[in-house]
Protein chains: 2
Amino acid sequence: MRDAYHEELDSIGEGLVEMARLVGSAIGRATTAMLDADLKLAETVIAADQKVDDLQHELEARAIALLARQQPVATDLRIVVTSLRMSADLERSGDLAQHVAKLARLRFPERAVPHDLHATILEMGQLAQRLMAKAAEVIITKDVDLAMQLEQDDDEMDLLHRTLFQHLMDEKWKHGIETAVDVTLLGRYYERYADHAVAVAKRVVYLVTGEHADDVQAASATPSPAGEGA
Amino acid sequence: MRDAYHEELDSIGEGLVEMARLVGSAIGRATTAMLDADLKLAETVIAADQKVDDLQHELEARAIALLARQQPVATDLRIVVTSLRMSADLERSGDLAQHVAKLARLRFPERAVPHDLHATILEMGQLAQRLMAKAAEVIITKDVDLAMQLEQDDDEMDLLHRTLFQHLMDEKWKHGIETAVDVTLLGRYYERYADHAVAVAKRVVYLVTGEHADDVQAASATPSPAGEGA
């Protein structure tokens, strides 16, 4: 009985890793779809989010069944409750990747991102994907040091976000309001995506160290750099 | 024993209502601070969010203690797990109200919102506050019909958001890029705030009817109207 139980716990962890892989792939492909104005690729990202949602529902149902059937306490209880939160973070990351893909679709056959911001957006997309890959690895390895690295990577994302805003605020901006709006939202999507990846890693830290997830809250509340401090 | 248990469950519900009242007040005051360029008021909103965060931590700790001590099953288990999710929605709404206040502070002594958008932003703020008041009432009364009303109110929010974007895209827009960026982010904050209020109400519906919260997911994934469909 006890063994089947731990198998079930492990398989919830595997489900989380699978979700992280799906949403990591989604943000990478959404970014490519956006930069190349590739409608077909955008459509596949949009459609694929259903699988992430389904996985979340399945994981939640299994976590709740586990709580009811096995009534775990202490560490195991913490694992199950934290898994529920991680699956919510991952599901939301999937939505954000989908938002990027939908913006690509909306502007097709135009490109939403002007040429001089191409490199910055590409970097944001790649960094987001790397953050999620690391979050998945943290779930697997429970490596606290690796989890801490995600915070530094997130500082890099903030820097990129700030670069984006500097472009927007530059007096030489010549791409008009619609593009400014698109770029503002895109920046926000990548930033929030990164926040969720960091939150996932920090929840693992909480599980391993038992330290309260205060910082997790702080991370998920990262302000938009509409002007830093905002 | 059993009575103390149900008292504890009730008091978690009361904590959620308290959180909803705090974040409802926060979005109202943040909107006023923004429209009046009232720095002092903005500062009180920013500081007050700590209380919301504290309440969430407290509620989570109590919910987890309840799971460990009482090992609820069936409906009671569903209530506790759903409460955890509602407290996360409410905490995030508080962050969004704080973002609005921080934008007011950032632009002070200027006003972030140009005069011709004043009425729209005021309406968005008031609607957000009403939505959260209704969500609190839904938690108290478990009134499924009232919960359903929130979806209609949310349609109104989408309409207001679209109005905002029409202003932005209007060729006569003369407020420059910085204001366009501010207004874009503000619109997103109000829209997400409303999504969370709707999600809270729908989670109550799920508790009462036992119907799966698929729609809740859909609501929380409401796309930004950067262009509807985005």
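Calculation notes
Residues numbered from 1 in each chain as written. Chains lettered and ligands numbered in written order. Predicted model: local features only at pLDDT ≥ 70, side-chain atom pairs only at ≥ 80, totals over all residues. Heavy atoms only, no water. Phe/Tyr/Trp six-rings, centres within 6.5 Å; stacked < 30°, edge-to-face > 60°. Lys NZ or Arg CZ within 6 Å of the ring centre and 35° of its normal. Core = buried A, V, L, I, M, F, W, Y, C linked by side-chain atoms within 4.5 Å. Buried < 20%, exposed > 50% of the residue type's maximum accessible area, 1.4 Å probe, protein only. Contact = heavy atoms within 4.5 Å. UniProt positions renumbered as here; feature names shortened; annotations may be inferred. Helix = DSSP H or I, 4+ residues; strand = E, 2+ residues; numbered from the N terminus. Expected span 1.5 Å × (residues − 1). Salt bridge = Lys/Arg side-chain N within 4 Å of Asp/Glu carboxyl O. Polar contact = N/O pair within 3.5 Å; in protein donor to acceptor, adjacent residues only side chain to side chain. pLDDT = per-residue confidence, 0-100. Axes fitted to C-alpha atoms, helices over the stretch in contact; angles between N-to-C directions. Parallel < 35°, antiparallel > 145°, perpendicular 65-115°, else oblique. Left-handed = near helix turned anticlockwise from the far one by under 90°. Nonpolar A, V, L, I, M, F, W, Y, C, P; charged D, E, K, R; others polar.

This model, assessed by the stated rule, comprises zero aromatic pairs over all chains. Of note, Arg78(A) hangs over the ring of Tyr206(A), and the distance from its end group to the ring centre comes to 5.3 Å.

Core analysis: the biggest nonpolar cluster contains 152 residues, and Leu186(A), Tyr190(A), Leu186(B) and Tyr190(B) have the highest contact counts within it. Setting aside anything within four residues of it in sequence, one finds Tyr190(B) in contact with Ile27(B), Thr31(B), Val100(B), Ile121(B), Met124(B), Gly125(B), Ala128(B) and Met157(B).

In this section: the UniProt feature "domain: PhoU" (unreviewed entry) in chain A. Residue and element names in this part refer to chain A. Per the UniProt record, the feature "domain: PhoU" (unreviewed entry) sits at residues 16–103 and 121–204. Helix and strand shares over residues 16–103 are 94% and 0% respectively, and the end C-alpha atoms of the span are 27 Å apart. Here residues 121–204 runs as 90% helix and 0% strand, with 29 Å between its end C-alpha atoms.

Along the polypeptide, Ile46(A) turns up in helix H2 (residues 39–70). Sequence separation between Ile46(A) and Gln98(A) is 52 residues, and the spatial gap between their C-alpha atoms is 5.2 Å.

In this section: helix H6 (residues 176–209) of chain B. Residues and elements named next belong to chain B. For H6, built from 34 residues, the straight-helix expectation of 50 Å at 1.5 Å per residue is met to within 8% by its first-to-last C-alpha distance of 49 Å. Counted residue by residue, H6 has 30 buried out of 34 residues, so it is predominantly covered. Once H6 ends, the next one or two residues include Gly210, with phi positive near 75 degrees.

Following the criterion strictly, the structure yields 28 salt bridges over all chains and no others. Put simply, Arg62(A) and Glu8(A) hold a salt bridge, and the shortest N to O gap is 3.3 Å. Of this pair, Arg62(A) sits in helix H2 while Glu8(A) sits in helix H1 (residues 2–36), and the two are 54 residues apart along the sequence. Note that Arg92(B) and Asp95(B) form a salt bridge whose closest N and O atoms lie 3.2 Å from each other. Taken together, the positions of Arg92(B) and Asp95(B), both in helix H3 (residues 74–107) and three residues apart, correspond to about one turn of that helix. With respect to burial, Arg92(B) and Asp95(B) carry one shared label: buried. Several salt bridges share partner residues, and in doing so they unite Glu8(A), Glu58(A) and Arg62(A) into one network.

Once that is clear, we can look at unusual backbone geometry. Residues and elements named next belong to chain A. Omega for the bond connecting Phe108 with Pro109 falls within 30 degrees of zero, at 5 degrees, which places this linkage in the cis form. Along the chain, Pro109 turns up in the loop between helix H3 (74–107) and helix H4 (118–141). In the Ramachandran plot, Gln71 falls in the positive-phi region, its phi being about 40 degrees despite a non-glycine side chain. With respect to the element layout, Gln71 can be found in the loop between H2 and H3. Residues other than glycine seldom take positive phi values, yet Ala74 does so here, at roughly 50 degrees. Mapped onto the secondary structure, Ala74 falls in helix H3.

What follows covers helix H4 (residues 118–141) of chain B. Taking 1.5 Å per residue, 24 residues should reach 34 Å; H4(B) reaches 34 Å between its end C-alpha atoms and fits that length. Positive backbone phi, at 55 degrees, marks Lys142(B), one or two positions downstream of H4(B).

Moving on: the side chain of Ser93(B). All names here are of chain B. Within the fold, Ser93 resides in helix H3. Separated by 2.9 Å, the side chain of Ser93 and the backbone oxygen of Asp89 make a polar contact. Among residues more than four places away in sequence, those in contact with Ser93 are Val23, Met132, Tyr193 and His196.

Summarising the element assignment, Val198(B) is placed in helix H6. Residues Val198(B) and Met148(B), 50 residues apart in the sequence, show an inter-C-alpha distance of 8.8 Å.

It is worth spelling out the confidence of the model for chain A at this point. Do not read the predicted coordinates in detail wherever pLDDT is low. Residue and element names in this part refer to chain A. Summary statistics for chain A give a mean pLDDT of 90 and a share of 91% for residues scoring 70 or more. When pLDDT is averaged over each helix and strand of chain A, the minimum, 43, is found for helix H7 (residues 214–220) and the maximum, 98, for H4. The low-confidence segment residues 213–230, where pLDDT is below 50, has 50 contacts with residues more than four positions distant or belonging to other chains.

Here we take up the packing of helix H5 (residues 144–169) of chain A against H6(B). One can describe the packing of H5(A) onto H6(B) by two numbers: an axis separation of 9 Å at closest approach and a directional angle of 135 degrees. When the axis of H5(A) is compared with that of H6(B), the two are oblique. Taking contact as the criterion, the partners of Phe165(A), Leu168(A) and Met169(A) in H5(A) are, on H6(B), Ile177(B), Glu178(B), Val181(B) and Leu185(B).

A few words on the packing of H3(B) against H6(B). Residue and element names in this part refer to chain B. Interaxial distance between H3 and H6 falls to 9 Å at its minimum, and their mutual angle equals 160 degrees. With respect to H6, the axis of H3 lies roughly antiparallel. Once H3 is placed against H6, the crossing between them reads as left-handed. A class-by-class count of the residues in the contact of H3 with H6 yields 15 nonpolar, four polar and nine charged.

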